[in-house]
Amino acid sequence: MHDFKRLFHDMTDHEPFPWQEKLYDRLCAGQIPRVCDLPTGLGKTSVIAVWLLALAYHLNNDNSTSFPRRLVYVVNRRTVVDQTTDEVIQLKNRLMSRKELKELRNRLGGLAISTLRGQFADNQEWYSDPSRPALICGTVDMIGSRLLFGGYRIGFKARPLHAGFLGQDSLLVHDEAHLEPAFQKLIETIQQEQNIGELTGNLPWPKLRVMALSATARSDAADSATETLRLSREDYEFDVIAKRIHAYKNLQIDPIKEEKGGKLANKLIELAKGFDNSGGAVLIFSCKVNDVEKVAKKLPKGSTEQLTGTLRGLERDSLIKSPVFQRFLPESNRDAGVKPATGTVYLVCTSAGEVGVNISADHLICDLSTFDSMAQRFGRVNRFGDRDDTEIHVVYPEKFSSQDKLVKYKKETLALLQDLGENACPAALEKLASDRKIKAFSPEPNILAATDILFDAWSMTTIRHKMPGRPPVAPYLHGVAEWEPPRTMVAWREDVKIITDVLLDRFKPEDLLDDYPLKPHELLQDDSNRIHKKLQKIAERHPYNPVWLLGEDASVEVLLMKDLVDKNNKSKIYGCTILMPPSVGGLNAGTLDSKATGADDVADLWLDEKGRQRRIRLWDDEVPPADMSLVRTIDINPGGDEFESSDEDEDERGRSETRRFWHWYVRPRQAEGAARALEPPITLKHHTKKVVEQAHKFMDRLSLPDELKHAILLSAKLHDLGKRRELWQRSIGNPKPLDWYAKPGKPADSPRWRPRRLSVYRHELGSLLDMMDPDQQHFNEFNGLSCEMKDLVLHLVAAHHGRARPHFPQEELYDPAHGHDFLVREQALEIPRRFARLQRRYGRWGLAYLESLLRAADWAASAEPF
């Protein structure tokens with residue numbers, strides 16, 4: 001396990017760079033650098049392989065409680081191709097298949113890979129087994145919101161689970177950290193709060209650790225040698241590194257009189273056409289979406305692709321499969337099933353192509369931006385130093401626009417580029433004076449201070465509505481940049497057209513989006529004012545169509561199109577997500593187009609890595625998939641005959657002529673508390689046994705103290721006691737409600753049980769009350785715990801479906817066995833107090849982590865075939 005060079009080569013197929021060896025030595029010694037200051041193109045994502053080998057070292061030396069077993073890799077923005085995920089998939093394939101890595105494979109026990117974007121979007125491997133090494137890749141928005149107990153596009157029930165597993169036993173690596181200074185400050189604050197602010201003592205698992213990767217640091221302040229890792233003389237003399245940092249990049253600076261009137265776009269087009277006969281891959285950048293669109297239209301169709309942040313996720317993800325885009329990828333990253341385009345090809349981008357995308361063009365044409373942006377662009381051309389004829393053309397206006405808020409920084413950047421002469425290789429950029437580079441950076445946003453009071457407010461996830469003192473998390477992730485326009489997202493769902501009028505009282509949009517969250521492939525994003533302008537045109541055709549407006553706090557307001565686009569209330573959509581019915585149109589080739597009459601609902605096209613649907617919505621006359629779980633049934637005619645148009649007796653009646661019941665299915669790991677569609681009902685005894693078995697498995701590998709282990713196992717044993725109520729059994733459709741079942745299903749010889757909402761009763765509250773009942777057989781086991789462990793068990797059971805953080809809503813304080821008696825009222829007060837006590841003991845993220853161990857066991861048991 002000590003032969004780092006051999007193992008690294010077997011995992012990556014190349015020799016380690018000297019800096020990678022140094023990082024491994026530090027990680028094995030328990031020293032995690034605060035910053036890795038490394039030029040782009042030098043294998044920064046190999047930090048993942050280094051971490052994995054260091055984790056194996058610690059596991060082999062019984063140091064599993066001192067080194068994080070999850071690596072959270074955060075990139076600046078979502079791009080068309082996830083370089084990190086691609087590389088890790090290859091790494092995992094080698095790890096799992098090569099004989100020479102058998103010992104390492106056995107030591108690690110596997111590797112879970114999840115990304116909160118793209119094809120692998122949230123496959124939930126990373127928290128299905130918390131004892132398993134895991135890599136999670138995501139954006140600042142996705143990871144940051146989850147760390148702050150928010151979680152864009154996840155339900156309130158899952159938020160503590162995500163926060164607990166991201167914020168404990170994890171190493172968070174922030175790539176290109178200089179591009180998101182507010183997020184870097186936030187995660188450092190969280191790390192500091194866990195180490196100093198929270199009175200958590202020595203927890204038996206690692207707390208959050210943070211490491212920044214940056215090719216262009218915003219500060220030239222000298223850090224201690226133990227806090228910062230930089231290239232050494234050995235690195236600069238290493239052949240591969242020398243080739244890349246001295247890669248030939250001939251810089252030419254081209255002036256134009258001014259940008260307005262299409263002059264910038266015309267110059268970019270002129271320069272691009274100069275490469276028509278080169279046979280090369282030409283990358284074009286412009287800061288403005290309108291200019292990108294103009295340039296792309298003037299270049300040869302079939303040889304040109306366009307990449308902007310305004311593309312819907314589905315179309316952006318599919319862009320990688322295009323023959324043109326394949327030309328910009330290294331051969332090792334190309335799709336074997338796609339033949340790359342021949343001849344000269346063009347990729348026209350906004351800043352969406354600057355970060356997190358592993359492309360290497362032959363030539364680059366771009367407008368002038370700030371120095372940090374230009375450095376990223378230059379890093380996307382001749383990335384590996386294989387060419388000796390690469391040209392970079394930078395177009396700038398002799399007269400800058402008076403409306404450009406970044407003029408000062410662009411002028412500083414222009415002066416630096418002029419000082420480079422004709423050489424724009426990484427080594428030349430590095431030699432520029434640090435103080436001048438910092439002045440040419442885009443200005444730092446106003447960074448808002450995250451405080452202990454805010455962390456407390458964000459952790460109270462049971463409170464779903466707006467709460468005084470709990471602001472949206474987005475400004476804390478990115479800061480407040482006055483020069484950046486507000487953004488709005490748009491998606492299309494059939495739900496908006498179907499769930500109207502009286503159905504809105506029965507099926508609240510917030511609950512529907514909890515069960516069937518919006519995913520990145522459904523969403524497009526653009527400047528809020530541009531979106532508002534286009535929606536006004538759509539509203540002229542469909543003024544009375546409904547639309548859902550999702551606020552930053554996950555609240556949902558149902559409006560008519562005409563009211564949404566009221567010109568006097570334009571700011572209403574700032575920072576929000578707009579959900580429209582496909583019937584209003586507005587979608588053209590993945591972009592919002594006011595003239596387009598068509599649009600599609602692609603919610604069901606959330607696919608796994610094998611191309612299988614992770615979820616699907618079907619009507620009662622359609623056959624459900626056997627390997628999915630039913631999470632919701634919507635009766636669109638609640639006043640009709642209860643058994644009309646049901647699928648459960650279809651064999652007797654034949655296929656229904658009408659559609660009344662809309663069934664929503666998801667794969668088991670995405671379904672909380674659900675059973676597979678075609679499985680028989682699962683008894684309470686069987687389910688409890690499986691949850692305890694899963695919890696045992698986790699506890700053994702996590703090496704927790706005996707007292708804590710016993711408390712979690714007892715929680716697993718008792719968590720569903722409250723399902724032993726006739727009312728609850730009837731709610732899952734059990735025809736014999738005195739026989740205790742945990743999950744509904746379809747018996748072999750009778751109709752499918754149809755779950756329905758009969759009351760506000762929550763079985764978690766019933767479980768908590770039963771545990772405290774001295775007349776029940778398990779009471780002595782519970783009563784034998786210490787006071788602290790009693791508190792923990794009661795909380796874990798109460799919180800395992802998202803309540804008790806910090807309370808149960810008033811309407812849910814009811815139990816059929818107790819009514820609204822004194823014990824229920826007493827617990828209404830004690831549950832929030834218990835939550836506060838435990839957060840002080842284990843910390844905000846530590847308590848969420850403990851909750852998540854039980855929840856992961858519950859989910860894993862539910863995901864197993866019967």
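Notes on the structure in this doc start here. (Residues numbered from 1 in each chain as written. Predicted model: local features only at pLDDT ≥ 70, side-chain atom pairs only at ≥ 80, totals over all residues. Heavy atoms only, no water.)

### Observations regarding the pairing of strand E23 (residues 661–666)
Rule in force here: Using a 1.4 Å probe on the protein chains alone, a residue whose accessible area is under 20% of its type maximum counts as buried, one over 50% counts as exposed, and one in between counts as partly exposed. A run of DSSP states H or I qualifies as a helix once it reaches four residues; a run of E qualifies as a strand once it reaches two. Both are numbered from the N-terminal end. At least two DSSP bridges between two strands are required for those strands to pair.
Counting buried residues along E23, six of its six residues qualify, which places the element largely inside the surrounding structure. Side chains of E23 alternate between two faces, with Phe661, His663 and Tyr665 and Trp662, Trp664 and Val666 buried alike. Bridge count for strand E21 (residues 615–619) against E23 is five bridges, and the pairing is antiparallel. Residue pairing across strands places Ile616 opposite Tyr665, the latter belonging to E23. Bridge count between strand E22 (residues 629–635) and E23: six bridges; the pairing is antiparallel. Looking at E23, one finds that Thr633 is bridged to His663.

### Focus on the sheet that holds E22
This is how the line gets drawn: Each axis is a line fitted through C-alpha atoms, taken for helices only over the stretch in contact, and angles between the N-to-C directions span 0 to 180 degrees.
One open sheet holds the three strands; their spatial order is E21-E23-E22, and the pairing between them is antiparallel. Only two strands of the sheet have a single neighbouring strand rather than two, namely E21 and E22. Ignoring which end each strand starts from, the neighbouring axes of this sheet average 20° apart.

### Examining helix H29 (residues 706–718)
This is how the line gets drawn: Helix span, as expected, comes to 1.5 Å for every residue beyond the first. Whether two residues are in contact is decided by their heavy atoms, any of which lying within 4.5 Å being enough.
Along its 13 residues, H29 runs 18 Å from first to last C-alpha, staying within 8% of the 18 Å computed at 1.5 Å per residue. Among the residues of H29, those classed as buried are Leu708, Lys709, Ala711, Ile712, Leu713, Leu714, Ser715, Ala716 and Leu718. Against the buried residues of H29 lie helix H28 (684–702), helix H31 (763–771), helix H32 (779–783), helix H33 (787–799), helix H34 (822–842) and helix H35 (844–863).

### A few points about the pattern of salt bridges
Oppositely charged side chains are able to pair whenever their charged atoms sit close together. Stated formally: By definition here, a salt bridge exists when the distance from a side-chain nitrogen of Lys or Arg to a carboxyl oxygen of Asp or Glu is within 4 Å.
Applying the stated criterion to the full structure yields 57 salt bridges. Residue Asp3 pairs with Arg6 through a salt bridge whose shortest N-O separation is 3.1 Å. Owing to a relative accessible area of 37%, Asp3 belongs among the partly exposed residues under this scheme. What makes Arg6 partly exposed here is its relative accessible area of 36%. As a salt-bridge pair, Arg387 and Asp362 come within 3.3 Å of each other at their nearest N and O atoms. Here the residue Arg387 occupies a position in the loop between helix H16 (371–378) and strand E13 (391–399), and Asp362 occupies one in the loop between strand E11 (345–349) and strand E12 (363–367), the gap between them amounting to 25 residues. Three or more residues are tied together by salt bridges with common partners; here these are Arg493, Asp495, Glu522, Asp601, Asp604, Arg615 and Arg617.

### What about the sheet that holds strand E3 (residues 112–115)?
Ordered by their spatial adjacency, seven strands build an open sheet running E3-E4-E2-E5-E6-E1-E7, and the pairing between neighbours is parallel. Among the strands making up the open sheet, the edge pair consists of E3 and strand E7 (228–230). Within the sheet, the average angular offset between the axes of one strand and its neighbour, ignoring direction, is 15°.

### Some words on the nonpolar core
Note the threshold: In these notes, a set of buried Ala, Val, Leu, Ile, Met, Phe, Trp, Tyr and Cys residues joined through side-chain atoms within 4.5 Å is what counts as a nonpolar core.
If you look at the biggest cluster of nonpolar residues, it comprises 91 residues, and the most contacted ones within it are Trp19, Leu23, Tyr73, Leu283, Phe328, Phe378 and Val394. At 12 residues, the largest contribution of residues to this core is made by helix H3 (residues 47–60). If you look at the next biggest cluster of nonpolar residues, it comprises 80 residues, including Val72, Ala163, Leu203 and Ala856.

### Focus on the environment of Trp740
With respect to the helices, strands and loops of the structure, Trp740 is situated in the loop between helix H30 (726–731) and strand E25 (741–743). Those residues in contact with Trp740, other than ones at most four positions away along the chain, are Thr683, Leu684, Lys723, Arg724, Arg725, Glu726 and Gln729.

### Here we look at unusual backbone geometry
Of the consecutive residues Arg805 and Pro806, the connecting peptide bond is found in the cis state with omega at 15°. With respect to the helices and strands, the residue Pro806 is situated in the loop between H33 and H34. Phi is positive for Glu176, which is not a glycine, with a value near 50°. Note that Glu176 resides in the loop between strand E5 (170–174) and helix H9 (181–197).

### Quick look at the packing of H33 against H35
Note the cut-off: Handedness of each helix crossing follows the sense of rotation of the near helix against the far helix: counterclockwise by less than a right angle gives left-handed, clockwise gives right-handed. Ten residues, namely Ala, Val, Leu, Ile, Met, Phe, Trp, Tyr, Cys and Pro, are considered nonpolar, four, namely Asp, Glu, Lys and Arg, are considered charged, and the remaining ones, Gly among them, are considered polar.
Across the interface, H33 lies against H35 with an axial gap of 9 Å and an inter-helix angle of 65°. Relative to H35, H33 is oriented so that their crossing is right-handed. Facing Leu792, His795, Leu796, Val797 and Ala799 of H33, the residues of H35 in contact are Leu847, Leu850, Glu851, Leu854 and Arg855. Class assignment of the residues belonging to the contact of H33 with H35 gives a composition of seven nonpolar, one polar and two charged.

### Concerning the packing of H29 against H33
Viewed as axis vectors pointing N to C, H29 and H33 meet at an angle of 35°, and their least axial separation amounts to 9 Å. Relative to H33, H29 is oriented so that their crossing is right-handed. Contacts between H29 and H33 involve Glu707, Leu708, Ala711, Ile712, Ser715 and Leu718 from the first element and Met789, Leu792, Val793, Leu796 and Val797 from the second. Looking at the contact of H29 with H33 residue by residue, the classes come out as nine nonpolar, one polar and one charged.

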